[in-house]
Amino acid sequence: MDFPRVIAAPMAGGPSTPALVNAVEFGFIALGTCSVDQAREWLAECEPPFGANLFVPQPKPLPDDVLTVAGHLGKEVPDVASDYAEKFALVLDAAPAVVSSTFGCFTEEEIAQLHAAGSEAWATVTNPAEIAEAERRGVDGVIVQGPRAGGHRGSWSQHDEPDQRALEELLALVDGPAIAAGGVRGPEDVAKLGVPVACGTAFLLADEAGTSEHNRELLRSDAPAVVSRAFSGRWASGVETAFTRAHPDLPPTYPYLRPMTKDNDYCLVGADRGELMAAPAREIEQMLTSSPSEAMFEA
C-alpha cells in the first residue's frame, strides 16, 4: 500500500491505543504484550486503514540464565506462555491493511494467509541478514529499525548484540518497499530519509497515547536514555533507572525478566529525545510533516 510520510509506530505496553491510531493518517496498534481479549477489543476499535503489530515467538533463553537472574533478584521464575497463535487468528479475522512482525519474520505460510485475508505482511529488520531473509520469504516490505530507535530492538535473536549500522546504511540494502524507524524527531529527519517513517518516541506525549502520567513525567525529565537488557531481558532503549544502572550486564532472559521487575520504572524511549511535543496526535503529525523551515518558524 502507499503509506503517508509519517506513521505512528506500534508501542507495546501502553502507549499505543486505538484513539492514537485513529487520530493519525496511518498508525499501528501494538498487540505484542496485551492480552488476547484486549487485542480483540483494540482491533474492533481501530478505524481502517491501520496496521497491527505482533511479536513473533522465539527460542526461549537458557534455563540456567533465567534461574540465575531469578535467584539474584530473589524472585520465583514466572510462568510465561505465548498467545501468538490466538492473536494471529485475530488479525486474520480483522484483516488490517498491514500486519507487521517484530522479533522475527512471518513464515511463508503465514504470509500467504495474511495475503488471503487481504492484509500486507511486513517485517521489522535491524541488520543485513534479516533484510535478506525477510525479502526471501516474500514480505511486502520491511520496517528498517536503526540504532537510535526507542523501545525494543527488533533483532530476531535476543542473543545478538544490537547492530550499530546507521539507518541510512541499512535502507540502502533494501530492494523493495521500506519504512524507516529510529531517531526521527522533527520534519528535517522525515525529509532527509526519503521514505515513509515510523515514529514512536515523537508520539509518546500525544493526548491520545496511553502513556502513564508517571512515565510522562519521566519523559519530561532530563534522565538520559540507555540501551540495556535490564528493562525486559532483551535489548531495549528506555529512560535510565536505578535498576538499569545496577544491572548493566544481565543475560538475555526475555520474556521472564519483566514479570520479575514489574514494580520498577519502565519507560521505553529513543536516544536524544529532546523536548517532546505534548499535543493532540494530529498536531504532532502535522509538525513532523511540515517543512523544516516552517517548523523553525512555528517554534
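Refer to the structure printed above.
Residues numbered from 1 in each chain as written. Predicted model: local features only at pLDDT ≥ 70, side-chain atom pairs only at ≥ 80, totals over all residues. Heavy atoms only, no water.

## Notes on the nonpolar core
Here comes step 1: In terms of nonpolar packing, the biggest core is built from 65 residues, with Ile29, Leu31, Val91, Phe106, Val144, Phe203 and Leu288 touching the most fellow members.
Here comes step 2: Not counting chain neighbours up to four residues away, the residues in contact with valine 144 comprise Val125, Leu167, Leu170, Leu171, Val174, Ala178, Ile179, Ala180 and Ala181.
Here comes step 3: Core analysis: the next-biggest nonpolar cluster, separate from the first, contains eleven residues, Phe26, Val98, Trp122 and Ile143 among them. (Core = buried A, V, L, I, M, F, W, Y, C linked by side-chain atoms within 4.5 Å. Buried < 20%, exposed > 50% of the residue type's maximum accessible area, 1.4 Å probe, protein only. Contact = heavy atoms within 4.5 Å.)

## Details of the pairing of strand 8 (residues 178-181)
The side chains of a regular strand alternate between the sheet's two faces.
Here comes step 1: Residues of strand 8 alternate between two faces, with Ala178 and Ala180 on one and Ile179 and Ala181 on the opposite face, all of them buried.
Here comes step 2: Two strands pair when backbone bridges link them, and strand 6 (residues 141-145) and strand 8 are joined in this way by four bridges, in the parallel orientation. Note that in strand 8 the partner of isoleucine 143 across the bridge is isoleucine 179.
Here comes step 3: Here strand 8 runs beside strand 9 (residues 197-199); their pairing, made up of two bridges, is parallel. Paired with alanine 180 across the strands is valine 197, a residue of strand 9.
Here comes step 4: Assessed by its sense of winding, the connection that carries the chain from strand 8 through helix 8 (residues 187-193) to strand 9 is right-handed. (Helix = DSSP H or I, 4+ residues; strand = E, 2+ residues; numbered from the N terminus. Pairing = 2+ DSSP bridges. Right-handed = clockwise from strand over helix to strand, strands pointing away.)

## A few points about helix 12 (residues 281-289)
Here comes step 1: All buried positions along helix 12 are accounted for by Ala281, Ile284, Glu285, Met287 and Leu288. Along the axis of helix 12, the buried positions cluster into a sector of 160 degrees, meaning they face one direction only.
Here comes step 2: Summarising the contacts, the buried residues of helix 12 are in contact with strand 1 (6-8), helix 1 (18-23), helix 8 and strand 9. (Arc of directions from axis to C-beta.)

## Comments concerning the packing of helix 4 (residues 84-94) against helix 5 (residues 108-117)
Here comes step 1: For the pair helix 4 and helix 5, the least separation of the axes is 9 Å and the interaxial angle reads 30 degrees. The pairing of helix 4 with helix 5 is recorded here as roughly parallel in orientation. Along its contact with helix 4, which presents Tyr84, Phe88, Val91 and Leu92, the element helix 5 presents Glu110, Gln113, Leu114 and Ala117.
Here comes step 2: Classifying every residue of the contact of helix 4 with helix 5 gives six nonpolar, one polar and one charged. (Axes fitted to C-alpha atoms, helices over the stretch in contact; angles between N-to-C directions. Parallel < 35°, antiparallel > 145°, perpendicular 65-115°, else oblique. Nonpolar A, V, L, I, M, F, W, Y, C, P; charged D, E, K, R; others polar.)

By themselves, these are just geometric observations and shouldn't be taken as functional.
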